[in-house]
Amino acid sequence: MAGPATARQLAALKRILFVLCLVPLLRLAWGAWDDALGANPIEFIQRSLGSWTLNFLLITLTVSPLRRLSGWHWLLRLRRMLGLYAFFYAMLHLVSYLWLDQFFDWQAIAKDILKRPFITVGMSAFMLLLPLAATSSDAMIRRLGGRRWQQLHRSVYAIATLGVVHYWWLVKRDTTLPALYAALLGLLLGIRALWRELERQRQTAGADLGKRTLRNTP
Ligand code: HEM
């Protein structure tokens, strides 16, 4: 099996991944320091943070199928960090909106959330992310129980869908990129649906075989 063989190797891999996930933020900070974010740096920061929120959501959703296809079970040990990074970038994206875009004018913000559908959808996605981030610790998994925790965390499918809709609705002309994100998300959700259906059919077939065997047993 490819990948880290020992706990120490996995810990090292996690540290490397932790730093790699910070690169988009460090690049933004460097660009701001260097005055290299173009004519509209606020828009650049906000859009970049939004893109990375969506990227991390989709990367997180890639872990399970990739693990299943490759047999690299250790990938699952990286999923929580990737999901928390999605939340981290979403928080920065939201803060950039509240601060750099709206200057903490709460009345204008409330109006904007209600008036512009793409903001309403983005805010809904963020609100749905909160319970997932709050229940990401081992202690919370134990407290909720694996099954309930899993059910709750399935809302990440809805969150990613809202994220793509948010992106699609804010783009004014060229929808190529949102369409690409939508296609990738469709693939990630489609493969899960397909596997679930195959599993269901396998179980039904197994149950039928069991019944037939019982009937034919003298
Ligand atoms: C999971 C939550 C969210 C995701 C995945 C997300 C994703 C994105 C993406 C991909 C973009 C476009 C980036 C680009 O053009 O390259 C974007 C832009 C933007 N988002 Fe979000 N977003 C989220 C939440 C929010 C929230 C909570 C707000 C504010 C309440 C918000 C406000 C904005 C604004 C104002 C823009 C820029 C629009 C423009 O420049 O015309 N987003 N977001």
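Only a predicted model underlies this, so the values are computations on that prediction, with no experimental measurement involved.

### A closer look at the overall build of the protein
- Regarding its fold elements, the protein presents 9 helices and 0 strands.
- Ordered by position from N to C terminus, the α and β elements of the protein give α-α-α-α-α-α-α-α-α.
- Viewed in the frame of its principal axes, the protein has a C-alpha envelope of about 80 × 45 × 35 Å.
- Each of the 218 residues in the protein was classed as buried or not, and the buried ones make up 16%.
- Here the contacts in the protein between residues at least 6 apart in sequence split such that 64% fall between residues at least 24 apart.

### Details of the site of the ligand
- Around the ligand sit 24 residues, and of these Arg47, Gly50, Gly122, Ala125 and Gly163 come closest.
- Taken together, the elements giving at least two residues each to the shell around the ligand come down to helix H2 (41–70), helix H3 (76–101), helix H5 (117–134) and helix H8 (155–170).
- Among the elements that make up the shell around the ligand, the one with the highest residue count is H2 (8 residues).

### Some words on the environment of Trp99
- Residue position: Trp99 is located in helix H3.
- Between the C-alpha atoms of Trp99 and Arg80, which are 19 residues apart in sequence, the distance is 28 Å.

### Thoughts on unusual backbone geometry
- Phi is positive for Asp35, which is not a glycine, with a value near 55°.
- Looking at where Asp35 falls in the secondary structure, it is placed in the loop between helix H1 (7–33) and H2.
- On the basis of neighbour count, Asp35 is assigned to the exposed category, with 8 C-beta atoms found within 10 Å.

### Here we look at the packing of H8 against helix H9 (residues 176–216)
- At a minimum axis separation of 9 Å, H8 and H9 run at an interaxial angle of 165°. Considering their axes alone, H8 and H9 lie roughly antiparallel with respect to each other. In this structure, H8 crosses over H9, and the sense of that crossing is left-handed. Contact residues: Tyr157, Ala160, Thr161, Val164, Tyr167 and Trp168 in H8; Pro178, Tyr181, Ala182, Leu185 and Leu189 in H9.
- In the contact of H8 with H9, the residues fall into 10 nonpolar, 1 polar and no charged.

### A closer look at the nonpolar core
- By size, the foremost hydrophobic cluster in this structure holds 23 residues, and its most contacted members are Phe56, Leu57, Ala86 and Tyr89.
- Where this core is concerned, the elements lending two or more residues are H2, H3, H5 and H8.
- The contacts of Leu57, once residues within four sequence positions are left out, are Ala86, Ile159, Ala160 and Gly163.

### Some thoughts on the packing of H2 against H8
- Relative to each other, H2 and H8 sit at 145°, their axes nearing to 10 Å. The way H2 lies across H8 gives a crossing that is left-handed. Within the contact between the two elements, H2 uses Thr53, Leu54, Leu57, Leu58 and Leu61 and H8 uses Val156, Ile159, Ala160, Gly163 and Tyr167.
- Here the residues of the contact of H2 with H8 sort into 8 nonpolar, 2 polar and no charged.

### Points about H2
- If you check H2, its first and last C-alpha atoms are 41 Å apart, about what 30 residues at 1.5 Å a residue would give, namely 44 Å.
- The sharpest bend along H2 reaches about 30° and sits at Val63, with the proline Pro65 one to four residues further on.
- Of all the residues in H2, the buried ones are Ile45, Gln46, Ser48, Leu49, Gly50, Trp52, Thr53, Leu54, Phe56, Leu57, Thr60 and Leu61.
- Where H2 is buried, its residues meet H1, H3, H8 and H9.
- Downstream of H2 by one or two residues, Gly71 has phi in the positive range, about 80°.

What counts, and at which threshold
- Residues numbered from 1 in each chain as written.
- Predicted model: local features only at pLDDT ≥ 70, side-chain atom pairs only at ≥ 80, totals over all residues.
- Helix = DSSP H or I, 4+ residues; strand = E, 2+ residues; numbered from the N terminus.
- Buried ≥ 20, exposed ≤ 12 C-beta atoms within 10 Å, placed from the backbone.
- Contact = placed C-beta atoms within 7 Å.
- Near = placed C-beta within 6 Å.
- Axes fitted to C-alpha atoms, helices over the stretch in contact; angles between N-to-C directions.
- Parallel < 35°, antiparallel > 145°, perpendicular 65-115°, else oblique.
- Left-handed = near helix turned anticlockwise from the far one by under 90°.
- Nonpolar A, V, L, I, M, F, W, Y, C, P; charged D, E, K, R; others polar.
- Core = buried A, V, L, I, M, F, W, Y, C linked by C-beta atoms within 7 Å.
- Expected span 1.5 Å × (residues − 1).
- Bend = angle between axes of the 7 residues up to and from the residue.

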